[in-house]
Amino acid sequence: MEEVSLSGEQVLDGECSLIQKDRNGVVAELDSQNGATEGRKEFVPPAVGMEFESYDDAYNYYNCYAKEVGFRVRVKNSWFKRNSREKYGAVLCCSSQGFKRIKDVNRLRKETRTGCPAMIRMRLVDSTRWRILEVTLEHNHLLGAKIYKSIKKMGSGTKRKSQSSSDAEVRTIKLYRALVIDAGGNGTSNSNTREIDVFSGHPNRLNLKKGDTQAIYNYFCRMQLTNPNFFYLMDLNNEGRLRNVFWIDARSRAACGYFSDVLYFDNTYLSNKFEIPLVAFVGINHHGQSVLLGCGLLAAETAESYVWLFKAWLTCVSGRSPQTIVTDRCKALQSAIAEVFPRCHHRFGLSHIMKKVPEKLGGLRNYDAIRKALVKAVYESLKVIEFEAAWGFMIQRFGVGDHEWLRSLYEDRVWWVPVYLKDTFFAGMSAARPGETLNPFFDRYVHKQTPLKEFLDKYELALQKKHKEEALADIESRNLNPTLKTRCSFELQLSKVFTKEIFKKFQFEVEEMYSCFSTTQLHVDGPIIIFLVKERVTGEANRREIRDFEVLCNRTAGEVRCICSCFNFHGYLCRHALCVLNFNGVEEIPSRYVLSRWKKDYKRLYIHDHASNNVDITDRVQWFNQLYRSALQIVEEGVISLEHYKVALQTFEESLNRVHDVEVKHE
């Protein structure tokens, strides 16, 4: 992309050619019809967030854009207010959208409909402006150079009267200025029409539109004023250009103290070339819900950018490295994590890999059979030797030994195949069961073309929604007693301590103990005994099969480990381990297998432990962080109800008076 700097006022004439008027009034025309003309600048393509003064302006703009690209426009849908008949919404699409009706198939007229997806959806906002809400730019047909004028019907049903060339120019000037301002300019005569603040994909500069850098800075300033303990860092290149950004709000920063043991680093938007190069640190809270632990914007997918970001995150969490970090397959990420988190277990997201199977293998002969063999090898292998045999059988039977993607997966198998990861703690982020996925934290809030300014508004909405979900889950877990489904003592034990959602998952394991019909000793070595548990499972075509699971039990150490590794993958004991405990007359699950991170009162317990054990009494920064974390917990619980609010407020007033008393004594 070539950066263009035009001084003076820029407008569009009635024929959609870009005109530049310099300060002396001299006009230079840049022909938009001839692609070979020097200095040609393409018409601004539609984007989500563009606004226009009227529906007609929006239609004229899309029509001009269509003429330059090479297609015709028609109105697909319009919506009107019931009483006033005022138009408030519309969809404009390519004339090749849809397909010919069945009754028209035999007509001699040439078929031009191809089901083309190109369209824009717009809506009237604040009763004054028309805003584009959805855009699809791609066409599924050839675009022509000779395009006839689109015919548009007025709301009253009459055809639009032809406008004078001067009126058309004035209207187009208005809509184009709207685009300039929306793209990040300030509306002055020195603004670039579509100046990109930095180059797309440039590894040394952040890919933002003009005005986005100022929007980020303004947002950070506002957050620091309204959100105590908000933290951000900006990375500038040698030219003073913004390269990388990291930020974390107060609640997310506090959540790092509880839930940063296992991280999912989400670079979906960056790797898939979204409008905003967003990355996110995501954890799992005590309800099994995703929780945001920090965000960033990166110039590129390079080891250098990732190293800077990870160091920034490490700074705000006082150097506490995660136990496990799950990412997409990426060499740059591998290198950066090895440098910044050398003691961390780095693993590839299994669900990310399995989602790519149709894309990578869909063109192969016998695809369905290959996919089934792959799924069986990955999810059903309990021992390394079983996986190796199943993989080798798949490669040999279907002759895919030369397939590059499969070969690279096999080379990286110790990073993503569950059978190799049994000693890694995932806290439910392993996605080690078919159908389990790691979804982007901002799913449904960020789309391919979501502009940065819009995201900054959605960011707060997303966090508010997540915080509300956690607060409601806290209330349910504390106030509602779960219904017991068995007489097993293990179920009763954990119903009293686990949050509702985590207990439901454990309760399912208790219920499935009844599908295990045999527990026998297989091998004895002093205090260590290996048991064999047989279970009826559902196999292919819903056939019932019997599978063997080995469970190691060390009575002296109070240890029980199943070959399925459910505890490390999900954070609670499996049906097979529970059967062995029950077989040995154990009535309570050992405390080491009742993780505090799943308890209803985990945050309260953690604050107490953290205050007593981990704070350096000589470090005032740690004093502040601990006091803030403790106060934030009171705030979160204080908004549960009016009664909670009054008690919390009274507690703060009493605490402040006691602190003042300390100051008076010293005087």
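Residues numbered from 1 in each chain as written. Predicted model: local features only at pLDDT ≥ 70, side-chain atom pairs only at ≥ 80, totals over all residues. Heavy atoms only, no water.

- Where an unreviewed UniProt entry is consulted, the protein appears under the name Protein FAR1-RELATED SEQUENCE, with the organism given as Ziziphus jujuba var. spinosa.
- Checking UniProt for the protein, the heading Subcellular location (unreviewed entry) contains the comment "Nucleus".
- In its Sequence similarities (unreviewed entry) section, UniProt records this for the protein: "Belongs to the FHY3/FAR1 family." (UniProt positions renumbered as here; feature names shortened; annotations may be inferred.)

**Looking at a nonpolar patch on the surface**
So, step 1. On the surface, a cluster of nonpolar side chains totalling about 310 Å² of accessible area is made up of Ile634, Val635, Val639 and Phe652.
So, step 2. With respect to the helices and strands, the residue Phe652 is situated in helix α20 (residues 642-666). (Patch = residues over 30% accessible without salt bridge, like charges linked within 9 Å, V, L, I, M, F, W, Y side chains within 5 Å. Areas by Shrake-Rupley, 256 points an atom, 1.4 Å probe, with all protein chains shown as cover. Salt bridge = Lys/Arg side-chain N within 4 Å of Asp/Glu carboxyl O. Helix = DSSP H or I, 4+ residues; strand = E, 2+ residues; numbered from the N terminus.)

**A word on the sheet that holds strand β5 (residues 73-80)**
So, step 1. As summarised here, the arrangement of the 5 strands in space is β4-β8-β7-β6-β5, forming an open sheet in which the pairing is antiparallel. Sheet topology places β4 (51-52) and β5 at the edges, where each strand pairs with a single neighbour.
So, step 2. Where β5 meets strand β6 (residues 87-94), 7 bridges bridge the pair, whose relative direction is antiparallel. If you follow Trp79 over to β6, its bridge partner there is Gly89. (Pairing = 2+ DSSP bridges.)

**Brief notes about the sheet that holds strand β19 (residues 559-562)**
So, step 1. What the 4 strands build is an open sheet, ordered β16-β17-β18-β19; its pairing is antiparallel. Both edges of this open sheet fall to β16 (516-525) and β19, since each of them pairs with a single strand only. Across the sheet, the mean angle from the axis of one strand to that of its neighbour is 25°, orientation sign disregarded.
So, step 2. Two strands pair when backbone bridges link them, and β16 and strand β17 (residues 528-538) are joined in this way by 8 bridges, in the antiparallel orientation. Opposite Thr519, over in β17, you have Val533 as the bridge partner. (Axes fitted to C-alpha atoms, helices over the stretch in contact; angles between N-to-C directions.)

**A word on the environment of Ile337**
So, step 1. Its place among the elements puts Ile337 in helix α7 (residues 331-340).
So, step 2. Here the alpha-carbon distance between Ile337 and Val307, two residues 30 residues apart in the chain, equals 7.4 Å.
So, step 3. For Ile337, the residues in contact, after removing those within four places along its chain, are Phe310, Ile325, Thr327, Pro342 and His346. (Contact = heavy atoms within 4.5 Å.)

**Description of the environment of Tyr269**
So, step 1. Along the chain, Tyr269 falls in helix α5 (residues 268-271).
So, step 2. Sequence separation between Tyr269 and Leu297 is 28 residues, and the spatial gap between their C-alpha atoms is 9.9 Å.
So, step 3. Apart from residues no more than four positions distant in its own chain, Tyr269 is found in contact with Phe274, Ile276, Leu278, Pro440, Phe442, Asp443 and Val446.

**Some remarks on the UniProt feature "domain: SWIM-type" (unreviewed entry) in the protein**
So, step 1. Following the UniProt record, one finds the feature "domain: SWIM-type" (unreviewed entry) at residues 549-585.
So, step 2. Within the segment residues 549-585, helix and strand shares are 38% and 27% respectively, and the terminal C-alpha atoms sit 20 Å apart.

**Points about the pairing of β19**
Across a regular strand the side chains alternate sides, sitting on one face of the sheet and then on the other.
So, step 1. Alignment of strand β18 (residues 544-554) against β19, held across 4 bridges, turns out to be antiparallel. In the sheet register, Val551 faces β19, and the bridge partner there is Cys562.
So, step 2. Hairpin remark: β18 followed by β19, antiparallel, with 4 residues in the connecting loop; positive phi at Gly558, about 65°.

**What about the nonpolar core?**
So, step 1. One finds Trp247, Leu278, Phe442 and Phe455 to be the most contacted residues of the largest nonpolar core, which totals 77 residues.
So, step 2. The greatest single-element share of this core, amounting to 6 residues, is contributed by helix α13 (residues 452-479).
So, step 3. Not counting residues within four places of it along the chain, the set of residues in contact with Leu278 comprises Trp247, Asp266, Asn267, Tyr269, Leu270, Cys295, Gly296, Leu297, Phe442, Val446 and Phe455.
So, step 4. Listed in part, the 35 residues of the second largest apolar core include Ala312, Ile337, Val340 and Tyr602. (Core = buried A, V, L, I, M, F, W, Y, C linked by side-chain atoms within 4.5 Å. Buried < 20%, exposed > 50% of the residue type's maximum accessible area, 1.4 Å probe, protein only.)

**Section: empty space enclosed by the protein**
So, step 1. For the coordinates displayed, the defined rule picks out 3 cavities of 30 Å³ or more.
So, step 2. Taken as a whole, the largest cavity spans an internal volume of roughly 60 Å³.
So, step 3. As for the largest cavity, its lining consists of Val326, Phe348, Leu350, Trp416, Pro418, Leu421, Phe426, Met429, Ser430, Ala432 and Phe569. (1 Å grid on protein atoms, 1.4 Å probe; cavity = no way out; pocket = protein on both sides within 12 Å on 5 of 7 lines; lining within 4 Å. Points joined across faces, edges and corners; volume = space filled by probe spheres on them.)

**Quick look at the packing of helix α6 (residues 303-316) against α7**
Relative placement of two packed helices is described by the angle separating their axes and the distance separating the axes.
So, step 1. Packing of α6 against α7 brings their axes to within 8 Å, and their N-to-C directions diverge by 40°. Considering their axes alone, α6 and α7 lie oblique with respect to each other. The chirality of how α6 crosses α7 is right-handed. Along the contact surface, α6 presents Ala303, Tyr306, Val307, Phe310, Lys311 and Leu314, while α7 presents Ala332, Leu333, Ser335, Ala336, Ile337, Glu339 and Val340.
So, step 2. Its residues placed into classes, the contact of α6 with α7 shows 10 nonpolar, 1 polar and 2 charged. (Parallel < 35°, antiparallel > 145°, perpendicular 65-115°, else oblique. Left-handed = near helix turned anticlockwise from the far one by under 90°. Nonpolar A, V, L, I, M, F, W, Y, C, P; charged D, E, K, R; others polar.)

**Re unusual backbone geometry**
So, step 1. If you check the backbone angles, Lys273 has positive phi at about 60° while not being a glycine.
So, step 2. Considering the arrangement of structural elements, one finds Lys273 in the loop between α5 and β12 (278-284).
So, step 3. Non-glycine residue Arg444 carries a positive phi angle of around 75°.
So, step 4. Along the chain, the position of Arg444 falls in the loop between α12 (404-411) and α13.

**A closer look at the packing of aromatic side chains**
So, step 1. Summed over all chains, the structure comprises 37 aromatic pairs.
So, step 2. Their ring planes at 65° and their centres at 6.2 Å tell us that Phe231 and Phe246 sit as a pair that is edge-to-face. Taken together, the residues Phe231 in strand β9 (residues 231-236) and Phe246 in strand β10 (residues 242-248) connect sequence positions 15 residues apart. The same class applies to Phe231 and to Phe246, which are both buried.
So, step 3. A ring pair is formed by Phe281 and Phe310, whose centres lie 6.0 Å apart and whose planes are at 70°; its orientation type is edge-to-face. Residue Phe281 is located in strand β12, and its partner Phe310 is located in helix α6; the two are separated by 29 residues in the primary sequence. Each of the two residues, Phe281 as well as Phe310, counts as buried.
So, step 4. The structure contains a cluster of three or more aromatic residues connected by ring pairs, namely Tyr219, Phe220, Phe230, Tyr232, Trp247, Phe441, Phe442, Phe455 and Tyr459.
So, step 5. Its end group placed over the ring of Tyr55, Lys87 keeps NZ or CZ at 3.8 Å from the ring centre. (Phe/Tyr/Trp six-rings, centres within 6.5 Å; stacked < 30°, edge-to-face > 60°. Lys NZ or Arg CZ within 6 Å of the ring centre and 35° of its normal.)

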